[in-house]
Amino acid sequence: MTKSEAISWYRIVEMFRFESFHMYGIIGVAVAASALIVWLMKRTQMKTLDGKLVVVPNPMTLNVKRHLLAGSIFGLGWALIGSCPGPIYVLLGNGYSILLLILVGALAGTIAYGSIGQKLPH
Amino acid sequence: MTGLDGLSQPWHWSVSGLALATIVFLLTWMGRKFGISSSFEAMCTVGGAGRKIPYFNTDLKGKSWLLFLVIGTFLGGFIASEWLQSPAPVDISESTIAFLQERGLDYPSSDATERGFIPTSIFNWSNGAGIIAALFGGFLVGFGARYGRGCTSGHAITGMAHLQLPSLLTVIGFFIGGLITTHLVLPWLLTLLVGDVA
């Protein structure tokens, strides 16, 4: 993530301003290759290390309102701090200690959801 | 010349995309799933949030691997910055640079390390506006990730690889929110957020 610059706040601004293909390339290749891998694993009925078949992890019941609303809340924050959850840890590894503050914010958001978020449409 | 020179150059986006797909393969093969925001939930449970809030009162058995995913992610960043640092800042487009410059964010000097990763002129320990933005932005990401049950790794990559409609809708949501912030909020907010480079 560091070497491909996906952890860069500037890259995220650039992505949402559609001024570079870079981030779309990363996500596009990741999704296409992962989809192929998952399809092959299912198709060949490959067993996982614990002897099971590959299935959709934690499938969700469709709730358009919930998905769009939750996604939008996430996106509002993502574009502001310029990093999604994974890069928070990567940036800490890169020596940006201020990401601890973002992590505290994220944990507070997690706790807020755990305590009151259940009332939102699910 | 050392063997690390080639690795120190920025990697092409396709390399990173394939690396992410490799993570999906390994975790799926291990009977797990690639979704890193679950670590937030686990941290809250470890911290004892389960005593007061039933949502966090869960069994962490079988989730310890998440800790290793987090440590690995951290170490990846550490290794990349210690031994494989790129010779030049992130090569963002001229138009993005101009947009930021108009709002007081010089590139790359707004990142004190000049690597072009984080604008430390906004996000540092002494800029009050930046501190609020970091906490607030982090809050939205944490809240949204739990409400939507997943973040970029869980929905955009894993969920879409499994062709899940809920994941696609969540990702569309990511972009609705991201576009609102970037086009309607950042243009005026950035000017207010920029402090001295620290």
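Residues numbered from 1 in each chain as written. Chains lettered and ligands numbered in written order. Predicted model: local features only at pLDDT ≥ 70, side-chain atom pairs only at ≥ 80, totals over all residues.

**Let's talk about the environment of Ile 12 of chain A**
Residues and elements named next belong to chain A. Rules: Strands here mean DSSP runs of E at least two residues long; helices mean DSSP runs of H or I at least four residues long; both are numbered from the N terminus. The contact criterion used here is simple: two residues whose C-beta atoms, placed from the backbone, lie within 7 Å are in contact.
The residue Ile 12 is located in helix 1 (residues 9-16) in this model. Note: C-alpha distance between Ile 12 and Pro 87 (75 residues apart in sequence) is 12 Å. When residues no more than four places from it in sequence are discounted, the contact partners of Ile 12 are Ala 79 and Gly 82.

**Some points on the confidence of the model for chain A**
Detailed reading of the predicted coordinates is not advisable wherever pLDDT is low. Our working rule: Every residue gets a pLDDT, meaning the predictor's confidence in that residue, from 0 to 100.
Averaged over chain A, the pLDDT score is 93; the fraction of residues at 70 or greater is 99%. Here helix 4 (residues 85-93) of chain A stands out as the least confident element of chain A, with mean pLDDT 94; helix 1 of chain A is the most confident, with 97.

**Considerations on helix 4 (residues 64-83) of chain B**
Selection criterion: For a helix, the expected span equals 1.5 Å multiplied by the number of residues minus one. Whether a residue is buried, exposed or partly exposed is read from the other C-beta atoms within 10 Å of its own C-beta, which are placed from the backbone; 20 or more gives buried, 12 or fewer gives exposed, and intermediate counts give partly exposed. In this context, the arc is that of the directions from the helix axis out to the C-beta atoms.
Given a rise of 1.5 Å per residue, 20 residues ought to cover 28 Å, and the 29 Å separating the end C-alpha atoms of helix 4 of chain B matches this to within 8%. Turning to helix 4 of chain B, its buried residues are Leu 69, Val 70, Thr 73, Gly 76, Gly 77, Ala 80 and Ser 81 of chain B. The buried side chains of helix 4 of chain B occupy one side of the element, clustering within an arc of 115° when seen end-on. Counted as exposed and oriented over 90 degrees from the buried face of helix 4 of chain B: Ser 64, Trp 65, Phe 68, Ile 71, Glu 82 and Trp 83 of chain B. Elements in contact with the buried residues of helix 4 of chain B: helix 4 of chain A together with helix 3 (38-46) of chain B.

**Some words on the confidence of the model for chain B**
Per-chain confidence: chain B averages 91 in pLDDT, with 96% of residues scoring 70 or above. For this predicted complex, the interface score ipTM comes out at 0.94, while the overall pTM is 0.93.

**A short note on the interface of chain A and chain B**
Under the convention used in this document: Ten residue types, Ala, Val, Leu, Ile, Met, Phe, Trp, Tyr, Cys and Pro, are classed as nonpolar, four, Asp, Glu, Lys and Arg, as charged, and the remainder, Gly among them, as polar.
The interface of chain A with chain B comprises 86 residues on the first partner and 96 residues on the second. Those elements that place two or more of their residues in the side of chain A that touches chain B are helix 1, helix 2 (22-43), helix 3 (64-81), helix 4 and helix 5 (99-116) of chain A. For the side of chain A that touches chain B, the element with the most residues is helix 3 of chain A, which contributes 16 residues. Here the residues of the side of chain A that touches chain B are counted per class, giving 54 nonpolar, 24 polar and eight charged.

**Observations concerning the packing of helix 5 of chain A against helix 6 (residues 128-147) of chain B**
So the rule is basically this: Where helices are involved, their axes are fitted lines through C-alpha atoms of the stretch in contact, as for all axes, and angles between N-to-C directions lie from 0 to 180°. Any angle between 65 and 115 degrees counts as roughly perpendicular, while under 35 counts as roughly parallel, over 145 as roughly antiparallel, and the rest as oblique. In this scheme, a crossing is called left-handed if the near helix is turned counterclockwise away from the far one by less than a right angle; it is called right-handed if the turn is clockwise.
Their axes nearest at 6 Å, the elements helix 5 of chain A and helix 6 of chain B cross at an angle of 40°. Viewed along their axes, helix 5 of chain A and helix 6 of chain B adopt a mutual orientation that is oblique. Considering only the axes of helix 5 of chain A and helix 6 of chain B, their crossing is right-handed.

**Brief notes about helix 2 of chain A**
In this model helix 2 of chain A runs 31 Å from its N-terminal to its C-terminal C-alpha over 22 residues, within 8% of the 32 Å that 1.5 Å per residue would give. When helix 2 of chain A is considered as a whole, its buried residues turn out to be His 22, Ile 26, Ile 27, Val 29, Ala 30, Val 31, Ala 33, Ser 34 and Val 38 of chain A. Packing partners of the buried residues in helix 2 of chain A comprise helix 1 of chain A together with helix 2 (13-29) and helix 7 (152-161) of chain B. Gln 45 of chain A sits one or two residues past helix 2 of chain A and shows a positive phi near 55°.

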